Amino acid sequence: MTFDDIPLELLPIIFDSIVRAQHLAFLCLVNKSFNEFAIQRLYRRVYIYAWHTKAKSKVVLLFQTLSNCPRLARYVSRLEIRAFPKALPSSSYSDLLDICTRGIRNCVNLRSCAWTRDGSLESAILLALQQCPQLEELEINGKDNGYYDPNILTRFSKLSRISLIMPSAQVIEILPSWISATGPTLRNLTMICQTSSLITDTLLESLAPSMTELDQLSIIGCPKVTHRGIGEIVSTNHNGLTSIGLERLSPAFGMTSFNRICKEHQAFRRLRSITLAVHIETPFQTWTDDVTELLSTAPLEILQVYATTPTAKVVVPDNFWKTIVTMHGSRLKRFSIDRMTISLGALHDICSRCSVLEQLFVVTTRHNLDDVSSCFAAARNLRAIHVNFYREADETEERSMMNDALRIVRQCPATVTQIGCDTRVWNVRREVRMNDKAELYTVPTLTRYENPDIPEQFLVARGA
């Protein structure tokens with residue numbers, strides 16, 4: 001059979017399993033039929049990250065293509081620009097902005113845009129994006145620094161998702177009017193800061209009346225935010241949130257008070273995902289009791305908990321994990337525990353009783369690795385595992401993370417397709433081999449991580 005013999009109706013199914021843009025580009029060169037199907041997928045999602053080879057040059061080439069080839073630009077549904085060449089002569093930079101705006105205007109089917117490089121977002125870019133009739137999602141660097149007029153943001157009135165990174169005082173100032181304008185369609189709001197004092201309870205209280213239809217909320221790195229501001233948002237919400245992330249907020253955040261607000265308004269009746277960061281100073285017994293009660297009525301599928309300070313001294317009682325598993329084990333698909341110690345008994349309980357668990361992220365010491373891996377073996381549906389290691393005092397030799405990863409997957413069920421250790425992630429493949437008795441068996445091997453998406457465990461905010 002040649003490529004020409006493959007039924008055309010199978011090509012979309014085959015191409016949907018291709019994740020690397022380079023491979024899709026190769027498929028475009030096979031023949032006319034392959035090109036017709038592959039090129040749509042190649043341009044459907046366009047992304048440039050800062051760590052890509054010659055990322056800044058690729059930005060120029062990309063927008064030259066989008067500005068000169070409207071036919072290709074029409075395929076773009078998702079655009080992610082996370083690198084940008086700023087150190088250019090004034091005339092060259094002006095030319096680049098011109099081709100960027102022309103390219104964006106040609107993306108008439110653009111639904112999602114991320115433009116996050118600090119200092120690269122200009123008013124001209126925002127005005128071009130405003131002309132994209134199907135734009136629903138916008139993720140931007142919120143530090144305008146005079147590069148763009150924050151008032152332009154208020155003209156985006158039909159967004160379903162807004163993500164703001166490090167918003168400036170000027171952007172915060174227009175936020176109430178912007179949220180008011182897009183509130184009827186807004187379903188997802190994320191605000192990410194380092195340690196910003198600009199986002200406060202008072203601000204969130206002013207936004208709450210315009211966010212009654214919100215499904216997902218994530219507030220990160222805002223030490224002036226307490227249960228008061230978050231409580232106002234959840235209490236005015238009409239349908240109940242499906243996802244919430246509360247990370248590195250004020251140490252004065254009262255989980256007991258927040259629990260009371262949520263119970264009064266049945267705020268978590270639809271909640272499927274929660275991410276919580278706990279301060280080391282927090283009384284853990286009280287905190288775990290409140291969180292257990294907070295989640296008691298939620299149809300929870302994803303639980304992510306981490307300590308704001310990396311230390312092995314943060315030990316959450318086993319009874320907390322046991323209660324969570326008893327309440328939610330039949331639904332939990334992702335369990336993430338970081339910067340805190342979990343006992344082997346609690347880990348084995350999670351793996352054995354969470355029957356649909358697919359993703360598991362934990363922290364341990366290397367001398368416990370074999371025992372931890374044996375716990376993983378009890379989870380029969382695992383797809384992805386990530387292990388972060390505490391650095392031990394007597395650990396002096398350079399160890400291979402790949403060897404650690406292989407030690408883990410050799411004890412895991414064959415369902416595991418992704419493994420990570422600390423800052424490294426691999427795909428897991430299984431090679432079929434034959435022994436001396438002509439019997440077939442499989443051996444796990446590690447290959448390059450190819451998915452363009454950043455691994456989920458690296459998206460959870462960390463910080464002291």
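Under an unreviewed UniProt entry, the name given to the protein chain is F-box domain-containing protein, and the source organism is Suillus fuscotomentosus.

**Let's talk about helix H6 (residues 90–106)**
One turn of the α-helix equals 3.6 residues, which is why residues spaced by three or four share an orientation. Between its terminal C-alpha atoms H6 stretches 25 Å, which fits the 24 Å expected from 17 residues at 1.5 Å a residue. Listed as buried for H6 are Tyr-93, Leu-96, Leu-97, Ile-99, Cys-100, Thr-101, Gly-103, Ile-104 and Asn-106. Its buried side turned inward, H6 meets helix H4 (55–68), helix H5 (70–73), strand E2 (78–81), strand E3 (112–115) and helix H7 (123–130).

**Looking at the packing of aromatic side chains**
Taken as a whole and judged by the stated rule, the model has 11 aromatic pairs. With 6.2 Å between their ring centres and 85° between their planes, Phe-84 and Tyr-93 make a pair best called edge-to-face. Comparing Phe-84 with Tyr-93, the two get one shared label, buried. Relative to Phe-268, the ring of Phe-258 lies with its centre 6.0 Å away and its plane at 70°, an arrangement referred to as edge-to-face. In this pair, Phe-258 sits in helix H11 (residues 255–265) while Phe-268 sits in the loop between H11 and strand E9 (273–278), placing the two residues 10 residues apart along the sequence. In terms of burial, Phe-258 and Phe-268 fall into one category: buried. Members of the aromatic cluster, connected to one another through ring pairs, are Phe-63, Phe-84, Tyr-93 and Trp-115. Above the ring of Tyr-47, the side-chain terminus of Arg-45 is found at 5.0 Å from the ring centroid. Over the face of the ring belonging to Phe-389 we find Arg-366, whose NZ or CZ atom lies 4.2 Å from the ring centre.

**A look at the state of the cysteines**
Summed over the entire model, instances satisfying the criterion amount to 0 disulfides. Of the cysteine sulfurs around Cys-193, a residue in no disulfide, the closest is that of Cys-222, at 4.0 Å. Between Cys-262, a cysteine without a disulfide, and Cys-222, which holds the nearest cysteine sulfur, the sulfur-to-sulfur distance is 18 Å. Residue classification places Cys-262 among the buried positions, given a relative accessible area of 4%.

**Digging into the pairing of strand E15 (residues 424–434)**
Here strand E14 (residues 418–421) runs beside E15; their pairing, made up of 4 bridges, is antiparallel. From the neighbouring strand, Ile-419 faces E15, where its bridge partner is Trp-426. What sits between E14 and E15 in their antiparallel hairpin is a turn of 2 residues, with Asp-422 showing a positive phi close to 50°. Judged from the 9 bridges that link them, E15 and strand E16 (residues 440–448) form a sheet pairing that is antiparallel. The partner of Trp-426 across the bridge, within E16, is Arg-448. Here E15 hands over to E16 after 5 residues, with Ala-438 in that stretch at a positive phi of 65°.

**Examining the environment of Ser-157**
Mapped onto the elements, Ser-157 comes out in the loop between strand E4 (137–141) and strand E5 (161–165). A relative accessible area of 32% means that Ser-157 is categorised as partly exposed. What Ser-157 contacts, discounting residues up to four positions off in sequence, is Ala-181, Thr-182 and Thr-185.

**Re the nonpolar core**
Of all hydrophobic cores here, the largest spans 137 residues; its most connected members are Phe-63, Ile-230, Phe-258, Phe-268, Trp-321, Phe-335 and Phe-376. Ignoring anything within four residues of it in the chain, the contact list for Phe-268 reads Ile-244, Phe-258, Cys-262, Ile-274, Leu-294, Leu-295, Thr-297, Ala-298 and Pro-299.

**Describing the side chain of Thr-116**
Tracing the backbone through its elements, the reader meets Thr-116 in the loop between E3 and H7. Relative accessible area serves as the criterion here: at 14%, Thr-116 is assigned to the buried category. When residues no more than four places from it in sequence are discounted, the contact partners of Thr-116 are Ile-81, Arg-82, Glu-139, Asn-141 and Ile-165.

**Side note on the pairing of strand E11 (residues 334–338)**
Among the 5 residues that make up E11, 5 are buried, leaving the element largely enclosed by the rest of the structure. Side chains Arg-334, Ser-336 and Asp-338 project from E11 onto one buried face, and the interleaved Phe-335 and Ile-337 project onto a second face that is buried too. The pairing of strand E10 (residues 302–307) with E11 spans 5 bridges and is parallel. When the sheet's bridge partners are listed, Val-305 is paired in E11 with Ile-337. Bridge count for E11 against strand E12 (residues 359–364) is 3 bridges, and the pairing is parallel. Bridge pairing in E12 places Arg-334 opposite Gln-359. The parallel pair E11 and E12, bridged by helix H14 (residues 344–353), forms a crossover whose chirality is right-handed.

**A short note on a nonpolar patch on the surface**
A surface patch of nonpolar side chains, amounting to about 270 Å² of accessible area, comprises Leu-10, Ile-13 and Ile-14. Of the residues examined, Ile-14 reaches a relative accessible area of 37% and is grouped as partly exposed.

**What about the confidence of the model for the protein chain?**
On average, residues of the protein chain carry a pLDDT of 90, and 94% of them reach 70 or more. Highest mean pLDDT in the protein chain belongs to E3 (98); lowest belongs to helix H1 (residues 11–15) (79). Low pLDDT, under 50, characterises residues 394–398; the predicted model gives this stretch 2 contacts beyond four residues in sequence or across chains.

Reading the values: the criteria
Residues numbered from 1 in each chain as written. Predicted model: local features only at pLDDT ≥ 70, side-chain atom pairs only at ≥ 80, totals over all residues. Heavy atoms only, no water. Helix = DSSP H or I, 4+ residues; strand = E, 2+ residues; numbered from the N terminus. Expected span 1.5 Å × (residues − 1). Buried < 20%, exposed > 50% of the residue type's maximum accessible area, 1.4 Å probe, protein only. Contact = heavy atoms within 4.5 Å. Phe/Tyr/Trp six-rings, centres within 6.5 Å; stacked < 30°, edge-to-face > 60°. Lys NZ or Arg CZ within 6 Å of the ring centre and 35° of its normal. Disulfide = S-S within 2.5 Å. Pairing = 2+ DSSP bridges. Core = buried A, V, L, I, M, F, W, Y, C linked by side-chain atoms within 4.5 Å. Right-handed = clockwise from strand over helix to strand, strands pointing away. Patch = residues over 30% accessible without salt bridge, like charges linked within 9 Å, V, L, I, M, F, W, Y side chains within 5 Å. Areas by Shrake-Rupley, 256 points an atom, 1.4 Å probe, with all protein chains shown as cover. Salt bridge = Lys/Arg side-chain N within 4 Å of Asp/Glu carboxyl O. pLDDT = per-residue confidence, 0-100.

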